[in-house]
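# Summary of the model geometry
Take a look at the letters that make up each chain.
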Amino acid sequence: MLSKFMTIKKFCIYSILLICCFNISANSKENFFNEGVKLFKNKKYADSKFKFQQDIVFNPKSEIAYLYLAKIFKEEKNDNQEEQYLNTVILLNPKNEEAVLNLAYLMIRKSNYDETKKLIDDFKNVCKNLCQKTLDLQNRLDTVLKK
């Protein structure tokens, strides 16, 4: 009887610990992303990069965290890393208009004009909130092609 009571007691203690761990994990996940956004807005890019990477550990399909990482690498003028993260966002959500738009601008900077033309077409198909950027994007491409 006593051993059965001890087994039930252990089970209850382990269950409570497990529930607490899940709650801490869920709260940490939220905190990593929110802290990353605050740090990004304060232009503390190295610290925000770390927070977004922590968020991705808990939520590997967090397209917004990948998008912020792309923005950080843009600020750091690291085109290859920016491109990698933008492509990840588009892989997770092909209709992410901000990622498609930023990748098109990046392709102009990298002189990949054929890819830029494709991305402009893709952007026209997915844009909802940023459609006014289409003309600017096309004008930038036309300007570099005229040179």
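The preceding data block contains the structure.
What comes next is a walk through the structure. (Residues numbered from 1 in each chain as written. Predicted model: local features only at pLDDT ≥ 70, side-chain atom pairs only at ≥ 80, totals over all residues. Heavy atoms only, no water.)

## Overview of the pattern of salt bridges
What the rule picks out here adds up to eight salt bridges. The shortest N-O distance in the salt bridge between Asp122 and Lys118 comes to 3.0 Å. A residue pair is termed a helical-turn pair when its members lie 3 or 4 positions apart in one helix, as Asp122 and Lys118 do in helix H6 (residues 113–126) at four residues. Accessibility expressed as a relative area gives 44% for Lys118, which makes it partly exposed. Each of Asp79, Glu82 and Arg109 takes part in salt bridges that share partners, so that together they form one network. (Salt bridge = Lys/Arg side-chain N within 4 Å of Asp/Glu carboxyl O. Helix = DSSP H or I, 4+ residues; strand = E, 2+ residues; numbered from the N terminus. Buried < 20%, exposed > 50% of the residue type's maximum accessible area, 1.4 Å probe, protein only.)

## Observations regarding the side chain of Asn96
Summarising the element assignment, Asn96 is placed in the loop between helix H4 (79–92) and helix H5 (97–109). Looking at Asn96, the relative accessible area reads 11%, which means it is buried. At 3.2 Å, the side chain of Asn96 and the backbone nitrogen of Glu98 are in polar contact. Ignoring sequence-local partners within four residues, the contact set of Asn96 consists of Glu63, Leu67 and Val89. (Polar contact = N/O pair within 3.5 Å; in protein donor to acceptor, adjacent residues only side chain to side chain. Contact = heavy atoms within 4.5 Å.)

## Brief notes about the state of the cysteines
Within the structure shown, the criterion is met by one disulfide. At a sulfur-sulfur separation of 2.1 Å, the disulfide partner of Cys127 is Cys131. On the S-S bond that ties Cys127 to Cys131, the torsion sits near 105 degrees, and the link is right-handed. (Disulfide = S-S within 2.5 Å.)

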